[in-house]
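Take a look at the letters that make up each chain.
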Amino acid sequence: MWWVYALLSALFASLTAIFAKIGVTQVNSNLATAIRTIVILLVAWGIVFFRGEHRSIQNISKHSLFFLIISGLATGLSWIFYFKALQLGKVSQVAPVDKLSVALTILLAVVFLGEALNWKTALGALLIIGGTVLLIY
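Residues numbered from 1 in each chain as written. Predicted model: local features only at pLDDT ≥ 70, side-chain atom pairs only at ≥ 80, totals over all residues. Heavy atoms only, no water.

(A) A look at the packing of aromatic side chains. In total, this model carries three aromatic pairs according to the counting rule given. Each ring, one from Phe-66 and one from Phe-67, has its centre 5.1 Å from the other, and the planes form 85 degrees; the classification is edge-to-face. Residue Phe-67 is classed as partly exposed on the basis of its relative accessible area, which comes to 43%. Geometry around Trp-79 places Arg-36 over its ring, the cationic atom sitting 4.6 Å from the centre. (Phe/Tyr/Trp six-rings, centres within 6.5 Å; stacked < 30°, edge-to-face > 60°. Buried < 20%, exposed > 50% of the residue type's maximum accessible area, 1.4 Å probe, protein only. Lys NZ or Arg CZ within 6 Å of the ring centre and 35° of its normal.)

Below you can see the structure in the form of structure tokens.
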């Protein structure tokens, strides 16, 4: 079932790039990111409250909370740089470079999480890198 969610994530990430490029036209990229963040905040908390999941917030460990916070910081910085890149560049070039995060994530998962790197995963990462280089030049 995870792959259905992953495909939906890819679909909405694609729509995000298109809608963001249109929306960031003649708008400061930081302001655009802030507006987008408010919408995400409202949607996420709306889902949490609707499903009653807010009741378990006190069960989150300090360890998990720390990593969720720094993940949020990384996400925020990613969005700020992404919107600035979209404002200055073509979506067809910005989006592939942004997706280099897939190859970088594979490498970081091996180094920091001890995940195994097999030949298929390594080849896939290299193809992503090669495809990105091909698309941007």
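Moving on, there is more to tell.
(B) Region of the structure containing the packing of helix 3 (residues 62–88) against helix 4 (residues 91–98). Packing of helix 3 against helix 4 brings their axes to within 8 Å, and their N-to-C directions diverge by 155 degrees. It follows from the interaxial angle that helix 3 and helix 4 lie roughly antiparallel. In this structure, helix 3 crosses over helix 4, and the sense of that crossing is right-handed. Contacts between helix 3 and helix 4 involve Tyr-82, Ala-85 and Leu-86 from the first element and Val-91, Val-94 and Asp-98 from the second. (Axes fitted to C-alpha atoms, helices over the stretch in contact; angles between N-to-C directions. Helix = DSSP H or I, 4+ residues; strand = E, 2+ residues; numbered from the N terminus. Parallel < 35°, antiparallel > 145°, perpendicular 65-115°, else oblique. Left-handed = near helix turned anticlockwise from the far one by under 90°. Contact = heavy atoms within 4.5 Å.)

(C) View of the layout of surface pockets. Here the largest pocket defines a volume of roughly 530 Å³. Lining the largest pocket we find 15 residues, and of these Thr-16, Arg-36, Val-39, Ile-40 and Val-43 sit closest to its centre. Residue assignment for the lining of the largest pocket shows that the elements contributing at least two residues are helix 1 (2–23) and helix 2 (29–50). At eight residues, the largest contribution of residues to the lining of the largest pocket is made by helix 2. Of the residues that constitute the lining of the largest pocket, the class distribution is twelve nonpolar, two polar and one charged. As a volume, the second largest pocket reaches approximately 330 Å³. Lining the second largest pocket we find Ser-9, Ala-13, Thr-16, Arg-36, Ser-78, Trp-79, Tyr-82, Asp-98, Lys-99, Ser-101 and Val-102. The class makeup of the residues in the lining of the second largest pocket is four nonpolar, four polar and three charged. (1 Å grid on protein atoms, 1.4 Å probe; cavity = no way out; pocket = protein on both sides within 12 Å on 5 of 7 lines; lining within 4 Å. Points joined across faces, edges and corners; volume = space filled by probe spheres on them. Nonpolar A, V, L, I, M, F, W, Y, C, P; charged D, E, K, R; others polar.)

(D) Structural detail: the packing of helix 1 against helix 3. Closest axis-to-axis distance for the helix 1/helix 3 pair is 9 Å, and the angle between their directions is 60 degrees. Crossing hand, helix 1 versus helix 3: right-handed. Contacts from Ala-17, Ala-20 and Lys-21 in helix 1 reach Tyr-82, Phe-83, Leu-86 and Gln-87 in helix 3. A class-by-class count of the residues in the contact of helix 1 with helix 3 yields five nonpolar, one polar and one charged.

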